[in-house]
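# Architecture at a glance
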Amino acid sequence: MREIEVFIDTEEIAEFFFHELVKRGYVPSEEELEELADITFEYLIEKSIIDEEVEDE
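Predicted, not measured: the structure shown is a model, and the values here were computed from it.

The biggest cluster of nonpolar side chains holds five residues, and these are Ile13, Ala14, Leu21, Leu33 and Ala37. If you list the elements that add at least two residues to this core, you get α1 (10-23) and α2 (30-46). If sequence neighbours within four positions are ignored, alanine 14 has contacts with Leu33 and Ala37.

Below, the structure is given as structure tokens:
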């Protein structure tokens, strides 16, 4: 299996969840979306789908 580089943006995840939930009749708050995005990110790390790298600013 080859390794690929993937960048995961929690803001992008939150936006995705917002659009998908609205299509299903839900209207989540911004705080709820941020929590969902964080949970999704943590899930991907826990399942070893991604590795977290901290960027130097």
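Turning next to the packing of α1 against α2. Running from N to C, α1 and α2 point in directions that differ by 120°, and their axes come no closer than 8 Å. One finds that α1 runs oblique with respect to α2. Helix-helix and strand crossings are classified by hand; for α1 and α2 the assignment is right-handed. Contact residues: α1 offers Thr10, Ile13, Ala14, Phe17, Phe18 and Leu21, while α2 offers Leu33, Leu36, Ala37, Asp38, Thr40 and Phe41. Residues of the contact of α1 with α2, tallied by class, amount to nine nonpolar, two polar and one charged.

Examined against the element boundaries, phenylalanine 7 turns out to sit in the segment before α1. Taking the C-alpha atoms as reference points, phenylalanine 7 and glutamate 52, 45 residues apart in sequence, are found 9.6 Å from one another.

What counts and what doesn't
- Residues numbered from 1 in each chain as written.
- Predicted model: local features only at pLDDT ≥ 70, side-chain atom pairs only at ≥ 80, totals over all residues.
- Heavy atoms only, no water.
- Core = buried A, V, L, I, M, F, W, Y, C linked by side-chain atoms within 4.5 Å.
- Buried < 20%, exposed > 50% of the residue type's maximum accessible area, 1.4 Å probe, protein only.
- Helix = DSSP H or I, 4+ residues; strand = E, 2+ residues; numbered from the N terminus.
- Contact = heavy atoms within 4.5 Å.
- Axes fitted to C-alpha atoms, helices over the stretch in contact; angles between N-to-C directions.
- Parallel < 35°, antiparallel > 145°, perpendicular 65-115°, else oblique.
- Left-handed = near helix turned anticlockwise from the far one by under 90°.
- Nonpolar A, V, L, I, M, F, W, Y, C, P; charged D, E, K, R; others polar.

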